[in-house]
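Observations on chain architecture
As a plain string of letters, each chain reads:
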Amino acid sequence: MLIIVLKIIIPFLVIMQLLPLLIWLERKGAAYIQDRRGPNRAAILGVRLGGVVHSLADVVKLIFKEDIFPTNANKFIYTIAPFIAMAVACVTFAVIPWASPLEWKGSAFSLQAVDLNVGILYIFAIGSMGVYGIMLAGWGSNNKYSLLGGLRASAQMISYELTLSLSVVGVLIFAGSLELNTIVQNQGSNLLSWNVIRQPLGCLLFVVSAFAETNRLPFDLPEAEAELVAGYHVEYSSLKFALFFMAEYANMIVASALIATLFFGGWQVPFVSTETLRTYAQPIAYYSVLGLGLFSVAAGWFLVRRKHKVVYHDARDYETKVLGFPALLVGLALIAGQILYGPLPLGETGSQVAAAAFQFGAFLAKILFFCWVFIWVRWTLPRFRYDQLMKLGWRVMLPLALLNVVVTAGIYLWF
Amino acid sequence: MNGFLILFYFLAALAVISATGVISLRHPVHCALSLVVTLIALAGLYVTLQADFLGIVQVLTYAGAILVLFIFIIMLLNLQDDELKERGYGAAAKALLAAVSLGLFLSLGYLVTRPHFPISALPEDFGSIHSLGKALFTSYVIPFELAGILLTVALIGAVLLAKRRLELK
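Keep in mind that this is a model prediction, so the values were computed, not measured.

Each value, and the rule that gives it
- Residues numbered from 1 in each chain as written.
- Chains lettered and ligands numbered in written order.
- Predicted model: local features only at pLDDT ≥ 70, side-chain atom pairs only at ≥ 80, totals over all residues.
- Heavy atoms only, no water.
- Helix = DSSP H or I, 4+ residues; strand = E, 2+ residues; numbered from the N terminus.
- Rg over C-alpha atoms; globule rule 2.2 N^0.38 Å.
- Buried < 20%, exposed > 50% of the residue type's maximum accessible area, 1.4 Å probe, protein only.
- Contact = heavy atoms within 4.5 Å.
- Salt bridge = Lys/Arg side-chain N within 4 Å of Asp/Glu carboxyl O.
- Phe/Tyr/Trp six-rings, centres within 6.5 Å; stacked < 30°, edge-to-face > 60°.
- Lys NZ or Arg CZ within 6 Å of the ring centre and 35° of its normal.
- Domains from an automatic or database assignment.
- Buried area = accessible area lost by both parts, 1.4 Å probe.
- Polar contact = N/O pair within 3.5 Å; in protein donor to acceptor, adjacent residues only side chain to side chain.
- Nonpolar A, V, L, I, M, F, W, Y, C, P; charged D, E, K, R; others polar.
- Core = buried A, V, L, I, M, F, W, Y, C linked by side-chain atoms within 4.5 Å.
- pLDDT = per-residue confidence, 0-100.
- Patch = residues over 30% accessible without salt bridge, like charges linked within 9 Å, V, L, I, M, F, W, Y side chains within 5 Å.
- Areas by Shrake-Rupley, 256 points an atom, 1.4 Å probe, with all protein chains shown as cover.
- Expected span 1.5 Å × (residues − 1).
- Axes fitted to C-alpha atoms, helices over the stretch in contact; angles between N-to-C directions.
- Parallel < 35°, antiparallel > 145°, perpendicular 65-115°, else oblique.
- Left-handed = near helix turned anticlockwise from the far one by under 90°.

For chain A, the count of helices and strands is 15 helices and two strands. Relative to its length of 415 residues, chain A is compact, with a C-alpha radius of gyration of 23 Å against a globular reference of 22 Å. Based on the C-alpha atoms only, the size of chain A along its principal axes is roughly 70 × 65 × 45 Å. Counting across all 415 residues of chain A, residues that qualify as buried make up 49%. Excluding contacts between residues fewer than 6 apart, the proportion of contacts in chain A whose partners are at least 24 apart in sequence is 80%.

This part is about the pattern of salt bridges. Residues and elements named next belong to chain A. The full count for this structure, using the stated rule, is six salt bridges over all chains. In this structure, arginine 27 engages aspartate 58 in a salt bridge whose closest nitrogen and oxygen atoms are separated by 2.6 Å. Of this pair, arginine 27 sits in helix α1 (residues 2-33) while aspartate 58 sits in helix α2 (residues 53-64), and the two are 31 residues apart along the sequence. Classification of arginine 27 by relative accessible area gives partly exposed; the value is 25%. Because the salt bridges share partners, they merge into one network encompassing Glu26, Arg216, Glu248 and Arg378.

The next thing to look at is the packing of aromatic side chains. Where two aromatic rings form a pair, the distance of their centres and the angle of their planes describe that pair. Residue and element names in this part refer to chain A. Going through the model one piece at a time under the given rule, you end up with 19 aromatic pairs over all chains. Ring centres of tyrosine 236 and phenylalanine 244 lie 4.9 Å apart, and the angle between their planes is 80°; on these two criteria the pair is classed as edge-to-face. Tyrosine 236 gets classed as buried once you look at its relative accessible area, which sits at 6%. Residue phenylalanine 244 is classed as buried on the basis of its relative accessible area, which comes to 4%. In this structure, lysine 144 is placed above the aromatic ring of tyrosine 145, and the distance from its NZ or CZ to the ring centre is 5.9 Å. Stacked on the ring of phenylalanine 174, the Lys or Arg arginine 198 has its end atom at 4.7 Å from the ring centre.

Now for the domain arrangement of chain B. Residues and elements named next belong to chain B. Structurally, chain B comprises domain 1 (1-79) and domain 2 (126-169). The C-alpha centroid of domain 2 is placed 23 Å from the C-alpha centroid of domain 1. Contact with domain 1, which involves four residues of that partner, is made by four residues of domain 2. For the pair domain 1 and domain 2, the two sides together bury roughly 320 Å², of which 72% comes from carbon and sulfur. The tally of links between domain 1 and domain 2 comes to zero salt bridges. The tally of links between domain 1 and domain 2 comes to zero residue pairs in polar contact (both at pLDDT 80 or more). Here the residues of the side of domain 1 that touches domain 2 are counted per class, giving two nonpolar, one polar and one charged.

All names here are of chain A. The phi dihedral of aspartate 35 is positive, around 65°, even though this residue is not glycine. Of note, aspartate 35 is situated in the loop between α1 and α2. The exposed category is assigned to aspartate 35, whose relative accessible area is 73%. One non-glycine residue, asparagine 142, lies in the positive phi region at around 55°. Examined against the element boundaries, asparagine 142 turns out to sit in the loop between α4 (119-140) and α5 (144-175).

The next thing to look at is the interface of chain A and chain B. Facing the 25 residues of chain A at the interface are 25 residues of chain B. Around 2100 Å² of area is buried between chain A and chain B when both sides are counted, 81% of it from carbon and sulfur atoms. Area buried by chain A at its contact with chain B is led by A:Tyr132, A:Trp139 and A:Leu151, which between them contribute 26% of it. The tally of links from chain A across to chain B stands at zero salt bridges. Where the side of chain A that touches chain B is concerned, the elements lending two or more residues are α4 and α5 of chain A. If one sorts the elements of the side of chain A that touches chain B by residue count, α4(A) sits on top with eleven residues. Looking at side-chain class alone, the side of chain A that touches chain B contains 18 nonpolar, six polar and one charged residues.

Okay, the nonpolar core next. Residues and elements named next belong to chain A. Among the nonpolar cores identified, the biggest contains 107 residues, and Ile120, Ile253 and Leu262 are the most heavily contacted of them. Look past the residues within four positions of leucine 262 in its chain and what remains in contact with it is Ile120, Val168, Val171, Leu180, Ile183, Gln187, Asn195 and Phe206. Of all hydrophobic cores here, the second largest spans five residues; its members include Tyr286, Leu290, Val297 and Leu328.

Another aspect to go through is the environment of A:Leu392. Structurally, the position occupied by A:Leu392 is in helix α15 (residues 386-414). Once the C-alpha coordinates of A:Leu392 and A:Ser159 are considered, the two residues, 233 residues apart in sequence, prove to be 10.0 Å apart.

Let us look at the confidence of the model for chain B. With 84% of its residues at a pLDDT of 70 or more, chain B has an overall mean of 83. This prediction of the complex comes with two scores: 0.85 for pTM and 0.78 for ipTM.

On to the domain arrangement of chain A. Domain boundaries assigned for chain A yield domain 1 (68-268 + 382-414) and domain 2 (281-345). Between the C-alpha centres of domain 1 of chain A and domain 2 of chain A there is a distance of 39 Å.

Here the focus is a nonpolar patch on the surface. A grouping of A:Val396, A:Leu400, A:Leu403, A:Val407, A:Ile411, A:Leu413, A:Trp414 and A:Phe415 is seen on the molecular surface, where their side chains present a nonpolar patch of about 910 Å² in accessible area. Take A:Trp414: its relative accessible area is 71%, and that puts it in the exposed class.

A word on α4(A). Here α4(A) is 22 residues long and its end C-alpha atoms lie 32 Å apart, about the 32 Å a rise of 1.5 Å per residue gives. In terms of residue burial, α4(A) counts as a mostly covered element, since 21 of its 22 residues are buried.

With respect to the element layout, B:Ser34 can be found in helix α2 (residues 28-48). Not counting residues up to four positions away in its chain, the partners in contact with B:Ser34 are B:Ser18, B:Gly21, B:Val22 and B:Leu25.

What follows covers the packing of α1(A) against α2(A). Residues and elements named next belong to chain A. At a minimum axis distance of 9 Å, the contact between α1 and α2 shows a crossing angle of 110°. Taken as axis vectors, α1 and α2 run roughly perpendicular relative to one another. By crossing handedness, the relation of α1 to α2 is classed as right-handed. Across the interface between the two elements, Pro20, Ile23, Trp24 and Arg27 of α1 pack against His54, Ser55 and Asp58 of α2.

We now examine the environment of A:Val95. Residue and element names in this part refer to chain A. Looking at the element boundaries, valine 95 is found in the loop between α3 (75-91) and β1 (102-104). Along the chain, valine 95 and valine 118 lie 23 residues apart, while their C-alpha atoms are 9.5 Å from each other. Residues contacting valine 95, with those up to four places away along its chain left out, are Gln112, Val114, Leu116, Gly119, Tyr122, Ile123 and Leu180.

Next comes the structure, spelled out in structure tokens:
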């Protein structure tokens, strides 16, 4: 029972921890792509962490803002819409596998909340509920811009859902299963057998429709600020707006996790199979902790040695020292511990857990990479016009997806 | 009482209450939303009956696609409050409708409570997509293909109807 509760709560907490990081990444990424500095003012006792602290300031601002109800808005629907948006984004994570299943006392212990027989369909079903959050927000606000945003969202998401589901069929043919864990295991640890190589067209179509489904640029027509002010969430303020904001990033994480799982080997560490990881868990753990210590020392040394510049005349001037010294000390402690005690014996369970931790790290790295791609694209490409969006969805993407299904099935049948 | 029974009662109550909402709420958007809740509750009931695939597909197609289009259309109409009048049925029509509904309810209840349905132990892979796919493409291939043709015909018909109107313009 406790394990089930933990399995449900831990992925949720992981998303919640990633959200502020992603918002920071978005702001910094946008800034550097546009040749600016990005958030660099908010500080706690002079510590700014390169702008991460700004997310905290944002949270405080959103909590203390006035919660406005527009006149004639439908209260119930107006209130429930952001909750639907957020809940849908979080629930999807239930079926995503985080690492290779552990073998414990003869039975497999899967590292995902539920190992559904219909895994990928569950994700599509929940994802198709996501449109309700945006639609109801648009309709319930009683505002013409919101309504237009809601209408666009429903038309766009339904159109691209077709391509999204069809582009996965090729992957399912190869894996012979809808379970996400089987799909990941089927891809193996060899980079060349990942689905991105076996299904390049399917991967491209999936990524493009994932952009459309998450309403990210170049497909962010539901909130196109140049035409619709902010689209479906124009009337929202305070924590309700925050929920929409968080839902957008949570959806991005889900989409990135799906792209990684379906096409980029999920939790597989490139070229290192689960068996290898488990056999060599002890030296790998030893050297990675050692490497972490060395990195921490190097980073700390770099920060501490920076010239002491008096720019702000307050605590911020000492930020490099405040961050640098602990990093240096932690790094030294890690190295000393590793050298003094040597590689610790891990045992059967320990090596499995260590291997799972590495796979989790690889998966998280892939997720963050694709989140970065989302941000990168957003600040690089302009927005589609609405008719271009529909033409692309129905006349280009859908036929290509159907072609992909037919060709993949033919290849699978004849070879 | 075990967990499944509690879940069943919860989902069944949710389905009944929201289904009542579909016919009794005044605003069409609210009715359509109640229908969404009904369909999700029914999907939950399917899952408790081990028909995972059916439950998921119910959510995916009905709640996720068809009702989104319903609500899309209702939103496009953008009905104001004064346009929503009470539907004035006469007393005779109301009585007739009530009698028909009651009759339907009673006959369904009779059918369900009779032991007409053979009950046997479920096969191992009941409700899984493998067994479902096998059944669809072997024993039930003709009805399956016929349904496919029917849907294609409907799709082509819809496209033709939409196209003709454009040409008239």
